[in-house]
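# Survey of secondary and tertiary structure
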Amino acid sequence: MKMIFRWFGENDDSVSLKEIKQIPGMTGIVSALSDIPVGEVWPLDRIKKLKKTINKAGLELEVIESVNVHEDIKLGLSSRDKYIENYKTTLKNLASEGIKVVCYNFMPVFDWLRSDLAEELEDGSTTMAYDEEWINNTDPVKLVEEFDKESQGFSLPGWEPERLAELKDIMEQYKEIDEEQLFDNLKYFLKRILPVCEEYDIKMAIHPDDPPWPIYGLPRIMTGKENIRKLMSAVDSPYNGISLCSGSLGSNPDNSVPDLIREFGNRIHFGHVRNLKFDGEGKFHETSHLSSDGSLDLFEIMKAYFDIGFEGYIRPDHGRMIWGEKARPGYGLYDRALGATYINGLWEAIKKMNK
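Residues take numbers from 1 onward in each chain, read along the sequence in its written order. Thresholds applied to this predicted model are a pLDDT of at least 70 for local features of residues and 80 or more for the giving and counting of side-chain atom pairs; totals over whole chains, interfaces and linings are not thresholded and use all residues. The side-chain quantities take in all heavy atoms of the structure and omit both hydrogens and water.

### Things to note about the pairing of strand β7 (residues 203-206)
On a regular strand, one side chain projects to one face of the sheet and the next to the other, so that they alternate. How we decide: Strand pairing requires that DSSP identify at least two bridges connecting the strands. Put simply, DSSP marks the helices as runs of H or I at least four residues long and the strands as runs of E at least two long, and each gets a number from the N terminus on.
Of the pairings in the sheet, the one linking strand β4 (residues 101-104) to β7 comprises 4 bridges and is parallel in character. By the bridge assignment, valine 101 is partnered in β7 with lysine 203. Note: β7 against strand β8 (residues 240-245), 3 bridges, orientation parallel. Each residue of the ladder has a partner; that of methionine 204, found in β8, is asparagine 240.

### Comments concerning the pairing of strand β3 (residues 60-65)
What counts here: Each residue is assigned to one of three classes by its accessible area relative to the maximum for its type, calculated with a 1.4 Å probe on protein chains only: buried under 20%, partly exposed between the two thresholds, exposed over 50%. By the criterion used throughout, a crossover qualifies as right-handed when its path from the first strand across the helix to the second strand runs clockwise, the strands pointing away from the viewer.
Burial analysis of β3 places 5 of its 6 residues in the buried class, which makes it a mostly covered element. Taken together, the 4 bridges between strand β2 (residues 28-31) and β3 define a ladder with parallel strand orientation. Within the sheet, the bridge partner assigned to isoleucine 29 lies in β3 and is leucine 61. As a crossover connection, the stretch from β2 through helix α2 (residues 44-56) into β3 is right-handed. Looking at chain direction, β3 and β4 are connected through 3 bridges and run parallel. Along β4, the bridge assignment pairs glutamate 65 with cysteine 103.

### Comments concerning the sheet that holds strand β5 (residues 116-120)
In plain terms, the rule: Orientation is described by lines fitted to C-alpha atoms, with helices fitted over the stretch in contact, and by angles between N-to-C directions that extend from 0 to 180 degrees.
Read from one edge to the other, the open sheet built from 4 strands follows the order β5-β6-β11-β10, with strand pairing classed as antiparallel. Two strands bound the open sheet, and with one partner strand each, they are β5 and β10 (276-280). Between one strand and the next, the sheet's axes are offset by a mean angle of 35 degrees, whatever the strand orientation. With 4 bridges connecting them, β10 and strand β11 (residues 283-286) associate as antiparallel partners. Opposite phenylalanine 278, over in β11, you have phenylalanine 284 as the bridge partner.

As C-alpha cells, then:
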C-alpha cells in the first residue's frame, strides 16, 4: 500500500506540501491541473512543473485525480471524438512524466453532490452531509449558487465554473440519455483510449457515483457490484480499473465495501478510504475515519485490502473541519492527517496479526 494525499496546487490549497510531508507514512501526492478547461490537452510543460514542485518537497507524483471527461463524450455527441483525441494526448503527456494511474468519473453534470458543506456535529466540528429530501426540493441552479458561497473561496473539484455555466442546457440534453446509453458512451470512450493506456502503461480508474443513485433525473451507472462487474467485463483490460471509494459506494447500505474490494481486487488501482454515518433513509453525514464514529467498519475495509495483497495507492478521503481550520470543504489538513495515521495504524496491526 502506498499512502498518498490529495493536493490542489500552490495557488488553490490551504495545505502546503511541507505540512503533507510531515504526516507519518505519507509517500506521495495525487493532484491535477484543475485550471485547464475540461476537454483541452494538458501541456507537457505544466505537468513537468507540477511534478517538479511535488518532488522537490520529497513526495512522489504517480496518480492524477482527475482528468475530467468532457460532457460531449458522456452525451455521445458528434464532437466527442475531438475531445477523446485530446484526452489521449493528455494521457501520453502524463505517462511520459511517470504517472501510473488516472482517476476519473463518468457522472453526468455533477461529480458529487451534498446538501450541506458544513453541517455542525455534536463535537463542534463541521462536515459535509446529504439529505435526499432537501436535494429533491432544491433547484440544481440554486444548489450551485449555494455551494459557491460555502466553498471558503476555494474551487470545488467537479464544480468548476466553466462546466456548470450552462447548467440548464446540459440538464435538458440529458433528458434524452438513459443508463444504457450512458454506459455505451463510457464503453465507447474507454475502447478508444485503452490502446494508448496499454502502450504507455497508464491505468484508468473510474470513480463510483457519489452518491450512487440517480439525482435530478440524471442517470447513474457506477453504483455497485453489478454495474462495476458489467464495465470490467465489457472492457476487459487490466488498464480498465476502478477507484474504490468507500464513502461513495458505502453511502448505499446495500453495498458491502469489503466484499467489493475482494471481488474486484486486481482491478482496483486506487483506494479512497473514508467513513460516514447514516441518519435515516437517503440521509448521511461524513465523519472521522474512526470506525466507531460512523457506519462503516474501517478495520474490515483495510483487512480486505490486505487479504487481496493490495500494493496500490490509497488516500484518506474527505475529513471534517476541526480545530478551527478554514479550508476547502472536506479537504483540510488536520482530520485527513488523522485519517491517514489511523489507516496506517490499522494496516500495521493487520500485517502483524497475519505474520
